[in-house]
Amino acid sequence: SGLMMLQRNVAIAPDGSAIVYRTVVGEQVQLVRKPRDEVTAIPVAGTEGAVSPFFSPDGAWLGFLAEGSLRKVPAAGGAPLTLADSARMDNPGGAWGEDGSVYFVGVPYDLRRVDGDGGEVQVVASLVELRRGIVTPWPLPHGRGVLFSASTPDAAEIDAYVYDVRR
């Protein structure tokens, strides 16, 4: 049995100027961006099939997961870029730290880090030996690391952990 499906399908811009959420556009699921002062949400090109949107700390980029990859797209519109492959899609999540690190859940339910500009992917935490799969990363203030939860396969037990980059 796999971990239960956990997703965040809404993201709020750091300055509160817009929200991004996952919805059906035409016949396809994709992300849309709704500025605070607009009535209508606008589809974000290149985000078809996307889940778990999240903003960069400066609000310039929108991170998301699609087709097993961690991707980013300019929040104002533009072409999406792939930052990393082997991202979990059944329990996706991403967190963009103030230091430029992007954290995401990889296969097999480990916590991975990549720079927001791309580059080498690092596995920073794994709890496989504890029969725990990592889900739902959240960035800590000042680029200090990431808070995440980990669950047993049946989700009967869920614990919280911190990956501290200073250690």
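Below or above, wherever it landed, is the structure these notes cover. A quick note: this is a predicted structure, and the numbers were derived from the prediction, not measured.

1. Comments concerning the overall build of the protein
1) Next: Helices and strands together make up the secondary structure of the protein, namely zero helices and 15 strands.
2) Next: In summary, the protein has a C-alpha radius of gyration of 15 Å against a globular reference of 15 Å for 167 residues, a match within 12%.
3) Next: For the protein, the C-alpha atoms occupy an extent of roughly 45 × 35 × 25 Å along the three principal directions.
4) Next: A burial count over the protein gives 45% of its 167 residues as buried.
5) Next: Where the 15 positive side-chain charges of the protein centre and where its 20 negative ones centre are 3 Å apart.

2. Focus on the environment of Val 107
1) Next: Looking at the element boundaries, Val 107 is found in the loop between β10 (101-106) and β11 (110-115).
2) Next: Expressed as a C-alpha distance, the spacing of Val 107 and Asp 85, which sit 22 residues apart in the sequence, is 9.5 Å.
3) Next: What Val 107 contacts, discounting residues up to four positions off in sequence, is Ser 86, Ala 87, Arg 88 and Arg 112.

3. A word on the sheet that holds strand β9 (residues 94-96)
1) Next: Taken together, the four strands give an open sheet; going across it, the order is β9-β10-β11-β12, and neighbouring strands pair in antiparallel fashion. The strands lining the two open edges of the sheet, one partner per strand, are β9 and β12 (122-125). Between one strand axis and the next, the sheet turns through 30 degrees on average, direction left out of account.
2) Next: Judged from the three bridges that link them, β11 and β12 form a sheet pairing that is antiparallel. Note that in β12 the partner of Arg 113 across the bridge is Gln 122.

4. Comments concerning the sheet that holds strand β6 (residues 61-66)
1) Next: With antiparallel pairing, four strands are arranged side by side in an open sheet as β5-β6-β7-β8. The two strands at the open ends of the sheet, each matched to only one other strand, are β5 (51-55) and β8 (81-84). Taken over all neighbouring pairs, the strand axes of this sheet differ in orientation by 30 degrees on average, direction set aside.
2) Next: Judged from the three bridges that link them, strand β7 (residues 69-74) and β8 form a sheet pairing that is antiparallel. Counterpart to Leu 70 in the pairing with β8 is Ala 84.

5. Focus: the pattern of salt bridges
1) Next: Inspection of the entire model under this criterion finds five salt bridges.
2) Next: Linking Glu 157 and Arg 132 is a salt bridge whose minimum nitrogen-to-oxygen distance equals 2.8 Å. One end of the pair, Glu 157, is in the loop between β14 (145-151) and β15 (158-164); the other, Arg 132, is in the loop between β12 and β13 (133-139), and 25 residues separate them in sequence.
3) Next: On the basis of relative accessible area, Arg 132 is assigned to the buried category, the value being 15%.
4) Next: One connected set of salt bridges, linked through shared partners, spans Arg 132, Glu 157 and Asp 159.

Calculation rules
Residues numbered from 1 in each chain as written. Predicted model: local features only at pLDDT ≥ 70, side-chain atom pairs only at ≥ 80, totals over all residues. Heavy atoms only, no water. Helix = DSSP H or I, 4+ residues; strand = E, 2+ residues; numbered from the N terminus. Rg over C-alpha atoms; globule rule 2.2 N^0.38 Å. Buried < 20%, exposed > 50% of the residue type's maximum accessible area, 1.4 Å probe, protein only. Lys, Arg positive; Asp, Glu negative; His and termini not counted. Charge placed at Lys NZ, Arg CZ, Asp CG, Glu CD. Contact = heavy atoms within 4.5 Å. Pairing = 2+ DSSP bridges. Axes fitted to C-alpha atoms, helices over the stretch in contact; angles between N-to-C directions. Salt bridge = Lys/Arg side-chain N within 4 Å of Asp/Glu carboxyl O.

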